[in-house]
Amino acid sequence: MTIALALEQLLNGLQLGVMLFLMAAGLTLIFGVMGLINLAHGSLYMVGAFACATVAAWTGSFWIGLVASLVAAAAAGAIVELVVIRRLYDRDHLDQVLATFALILMFSEGTRWLFGSFPLYLDIPPLLQGAVGLPGGTEYPVYRLAIIAAGALVAFGLYMLISRTRLGMRIRAGESDREMIGALGVDIRTLYTVVFALGAALAGFAGAMVGAIQSVQVGMGEPVLILAFVVIVIGGIGSIKGALLGALLVGVTDTMGRFLLPKLMLLFVPPAQAGMIGGAIASMLIYIVMAVILAVKPRGLFPPAHA
Amino acid sequence: MKKMLAAASLALSLSASGLAFAEPLKIGMITTLSGGGAGLGIDTRDGFMLAIKNAGNKDITVVTEDDAQKPELAVQIADKMIQSDKVDILTGIVWSNLLMAVAPSAVAQGKFYVSTNAAPAALAGANCNKLYFNAAYQNDNLHEAMGEYANKGYKKMFILAPNYPAGKDSLTGFKRYYKGQLAAEVYTQVGQTDYAAEIAQMRASGADGIFVFLPGGMGIAFMKQFAQSGVKIPVMGPGFSFSQDVLPAIGDAALGAKASGQWAPDFDNAASKKFLADFQKEYNRLPSIYAVQAYDAAQLILAAASKASVKDAAAFGTELKKADIQSPRGKFKFNTNQHPIQDIYLTEVVKNNGVLTNKTVEKIFADHGDAYAKDCKL
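Along each chain, residue indices are assigned from 1 in the same order as the chain's sequence is written. In the order they appear in the text, chains get letters beginning with A and ligands get numbers beginning with 1. At least 70 in pLDDT is required for a residue's local features to be given in this predicted model, at least 80 for side-chain atom pairs to be given and counted, and no such filter applies to totals for whole chains, interfaces and linings, which use all residues.

Helix numbers and strand numbers start at the N terminus; a helix is a DSSP run of H or I with at least 4 residues, a strand a run of E with at least 2. Along chain B, the regular secondary structure elements total twelve helices and 13 strands. We compute the radius of gyration over the C-alpha atoms and compare it with the globule rule, which gives 2.2 Å times the number of residues raised to the power 0.38. Here chain B has a C-alpha radius of gyration of 20 Å; the compact-globule value for 378 residues is 21 Å, and the two agree. When the backbone C-alpha atoms are referred to their principal axes, chain B occupies close to 65 × 50 × 35 Å. Residue burial here comes from a neighbour count, namely the number of other C-beta atoms, placed from the backbone, that lie within 10 Å of the residue's own C-beta, with 20 or more meaning buried, 12 or fewer meaning exposed, and in between meaning partly exposed. The 378 residues of chain B split such that 57% are buried.

In structure tokens:
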């Protein structure tokens with residue numbers, strides 16, 4: 001094992017982490033402000049990817065597709081909030097889970113009805129094609145570096161939005177005391193719609209970015225949704241900072257586990273079994289990490305102060 | 001010549017549609033029509049229904065249900081089809097883990113199961129059953145062919161498959177024929193979408209060839225990511241990795257990839273040309289190997305049903321085993337364990353009039369059976 005390989009795997013872990021952060025940020029924001037568990041977040045990720053693939057195919061430009069993914073996911077989010085989610089804030093978490101689970105099924109079958117069952121084609125824009133040299137002599141795909149950069153920008157933007165703007169102030173106020181900011185005359189209903197659309201847009205953005213290197217297909221959001229839930233549980237539900245650190249932790253742990261565990265098992269068992277056993281443990285690793293963290297800190301790494 | 005052809009095809013169609021079955025036949029198709037694996041199930045259903053439609057027989061009904069790639073759902077559907085729909089034959093399951101949940105109990109209840117794709121080793125050897133037929137292959141076959149192909153010119157292979165029964169069968173099959181050195185043997189999660197960690201290992205492994213078995217969306221994600229990684233090692237795989245259901249989504253990243261298959265759209269025989277033309281006319285797309293396999297499964301059932309009643313299991317089984325069909329694959333017959341003996345070819349992904357498809361390169365195996373038939377006592 002060389003330094004170059006370790007560095008490449010670390011970057012892979014970071015990139016996965018950043019992508020998870022884009023998903024987890026919206027999820028945790030929505031939970032933090034509105035106290036809502038949104039299982040349909042993965043569907044908004046899918047909406048982003050499909051919008052990007054469709055518009056990119058029409059116009060020939062990935063960038064217009066990317067803008068379309070933001071618009072489509074935010075619009076889908078706003079509509080869903082106005083029509084369905086709005087009725088769920090005062091209800092029990094179980095009702096929210098059932099209703100948003102129903103939304104997953106509707107989004108999936110609706111997408112299949114519109115686009116068919118075969119995966120769509122979405123390619124990386126020419127500007128970000130290919131690989132660049134890294135120190136140590138190895139190469140790394142430009143596009144993955146771009147995902148890391150985009151994720152870092154979004155994280156910074158979210159931080160500025162929440163700590164420096166009036167909207168951010170209201171979001172923070174909404175997190176600490178919903179009734180009070182309503183009583184102070186803030187239009188809480190509009191605020192909720194805006195926050196939901198913002199979370200949806202982040203998920204759609206993640207879907208479009210990742211769609212270009214994965215498969216744009218119905219049901220693509222659910223595996224990511226599970227990881228995003230792991231991230232926000234580790235980070236502390238409702239905390240953006242927790243989501244960022246949780247996402248990076250999960251991304252790096254998962255990648256390094258897949259890379260190192262089979263090698264570790266080689267010390268004990270023959271190669272064929274090492275691959276199988278190592279691979280099996282690697283797939284459990286992030287859940288083991290989550291269990292350990294919850295055993296030590298039951299409310300996650302950065303629980304919001306009020307909850 | 002044209003007249004002769006017309007007369008021949010007329011005679012053929014008359015003989016097919018003119019036959020009345022001894023008794024009405026009811027087939028239950030359980031396949032994956034929703035979720036990430038839906039492309040495979042839809043091709044299975046469409047290929048099967050094409051043969052049924054071509055036969056034009058009113059005595060035959062097919063009930064189709066979606067298993068959503070979930071074993072527990074497949075079991076429920078199978079129970080319902082056997083108990084309340086009273087089907088005679090079950091078919092259609094794409095995934096080996098689902099098949100293992102359904103087929104053994106269906107045959108135990110005296111129903112035929114004719115597999116259109118899944119072919120786990122567990123049902124091909126000592127646990128073979130006279131009511132269980134496989135019209136596709138045995139899971140190991142296409143991987144064995146790639147192992148044989150890799151012997152020519154590849155000294156150190158990196159092999160990768162998902163961690164589930166067919167994934168293990170895959171790498172076992174590859175290693176059964178591959179004589180060179182292995183750089184690494186890696187198992188990934190089923191449904192994994194990011195392969196950066198594995199691609200980095202490929203880059204560092206010093207391998208001169210890569211064999212991947214990643215059906216459906218997994219293969220799309222892998223090939224797109226591999227193309228961007230700057231790793232220049234040639235990639236090969238079984239036909240599923242580059243089948244017609246995934247090629248449009250992978251795009252040009254798949255060009256030049258070598259794979260193994262029992263059929264490709266450029267096969268030069270009358271049955272293949274007819275199948276290809278009919279399928280394109282009916283569904284307006286190119287068929288995948290899943291469609292061919294299901295088409296043959298339906299042809300096998302139709303051929304047997306025209307000779308024997310499905311209620312007489314022994315006679316129907318004997319007729320099924322004769323495999324009296326014109327397969328698009330060319331030669332096709334059943335082995336002692338009721339899995340196919342067939343030719344397996346090397347194919348290459350090419351662009352034909354702007355459409356990505358597979359072209360036949362050479363024959364790897366002639367009349368290839370499987371390694372488990374010797375343990376089957378039928």
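A separate point is the domain arrangement of chain B. Residues and elements named next belong to chain B. Here the bounds of each domain stem from an automatic or database domain assignment. Once the domains are mapped, chain B shows domain 1 (2-137 + 266-334) and domain 2 (141-261 + 344-375). Note on contacts: residues are paired as contacts if their backbone-placed C-beta atoms lie within 7 Å. Residue-level contacts link 21 residues of domain 1 with 22 residues of domain 2. By the convention adopted, Pro, Cys, Tyr, Trp, Phe, Met, Ile, Leu, Val and Ala count as nonpolar, Lys, Arg, Asp and Glu as charged, and the other residues, Gly among them, as polar. A class-by-class count of the residues in the side of domain 1 that touches domain 2 yields twelve nonpolar, seven polar and two charged.

Contacts between chain A and chain B engage 40 residues on the former and 34 residues on the latter. For the side of chain A that touches chain B, the elements supplying multiple residues, two or more each, are α1 (3-34), β2 (139-141), α5 (142-164), α10 (240-265) and α11 (271-296) of chain A.

Residue and element names in this part refer to chain B. At least two DSSP bridges between two strands are needed for those strands to be called paired. With respect to topology, five strands assemble into an open sheet ordered β2-β1-β3-β4-β5, the strand pairing being parallel. A single partner strand is all that each edge strand has here, and the edge strands are β2 (60-66) and β5 (132-134). Mean inter-strand twist for the sheet, computed between neighbouring axes without regard to direction, equals 20 degrees. Across three bridges, strand β1 (residues 25-31) lies against strand β3 (residues 89-91) in parallel orientation. When the sheet's bridge partners are listed, M29 is paired in β3 with T91. Every axis corresponds to a line fitted to the C-alpha atoms, with the helix fit spanning only the stretch in contact, and the corresponding angles, defined between N-to-C directions, vary from 0 to 180 degrees. Against the sheet, helix α3 (residues 71-83) engages β1, β2 and β3, with an angle of about 170 degrees to β1. Contacts between helix α11 (residues 289-305) and the sheet are confined to β1, β3 and β4 (112-115), with β4 contributing the most and set at about 140 degrees to the helix.

All names here are of chain B. Helix span, as expected, comes to 1.5 Å for every residue beyond the first. The end-to-end C-alpha distance of helix α6 (residues 165-177), which contains 13 residues, comes to 19 Å, matching closely the 18 Å that a straight helix rising 1.5 Å per residue would cover. Those residues of α6 lying buried are A166, G167, K168, D169, S170, L171, G173 and F174. Where α6 is buried, its residues meet α4 (96-108), α5 (141-150), β6 (156-162), β7 (181-188), β8 (209-212) and β9 (235-238).

A separate point is the confidence of the model for chain B. Each residue gets a pLDDT score, which is the predictor's confidence in that residue and runs from 0 to 100. A residue-level look at chain B finds 94% of positions with pLDDT of 70 or above and a mean pLDDT of 89. Quick note on the complex model: pTM equals 0.82, ipTM equals 0.81.

All right, on to the environment of A294(B) then. Residues and elements named next belong to chain B. Turning to its location among the elements, A294 is positioned in helix α11. Through-space distance from the C-alpha of A294 to that of F158 is 32 Å; in sequence the pair is 136 residues apart. Leave out the neighbours within four places in its chain, and A294 touches T44, G47, F48 and T116.

Moving on, we come to unusual backbone geometry. All names here are of chain B. Even without glycine at this site, Q69 takes up a positive phi of about 60 degrees. In this structure, Q69 sits in the loop between β2 and α3. Residue Q69 is classed as buried on the basis of its C-beta count, with 26 C-beta atoms lying within 10 Å. Even without being glycine, A323 reaches a positive phi, approximately 50 degrees. Looking at the element boundaries, A323 is found in the loop between α12 (313-322) and β11 (333-334). The exposure class of A323 is buried, given the 20 C-beta atoms found within 10 Å.

The next point concerns the pairing of β4(B). Residue and element names in this part refer to chain B. Burial along β4 is two-sided: the face carrying F112 and V114 and the face carrying Y113 and S115 are both buried. Of the strand pairs in this sheet, β3 and β4 are connected by three bridges, and their pairing is parallel. Within β4, the residue paired with I89 across the bridge is F112. Whether a crossover is right-handed depends on one test, that the path from the first strand over the helix to the second runs clockwise when the strands point away from the viewer. The handedness of the β3 to β4 crossover, carried by α4, is right-handed.

Okay, the packing of helix α2 (residues 38-55) of chain B against helix α10 (residues 270-283) of chain B next. Residues and elements named next belong to chain B. With their axes 11 Å apart at the nearest point, α2 and α10 run at an angle of 105 degrees to one another. Here α10 runs roughly perpendicular to α2, going by the angle between their axes. Where α2 approaches α10, its residues D46, L50 and N54 are matched on the opposing element by D278, F279, E282 and Y283. Looking at the contact of α2 with α10 residue by residue, the classes come out as three nonpolar, one polar and three charged. Here the word oblique covers every angle except those under 35 degrees (roughly parallel), over 145 (roughly antiparallel) and from 65 to 115 (roughly perpendicular).

Of all ten residues in α5(B), ten are buried, a share of seventy percent or more. Of the positions making up α5(B), those classed as buried are N141(B), L142(B), H143(B), E144(B), A145(B), M146(B), G147(B), E148(B), Y149(B) and A150(B).

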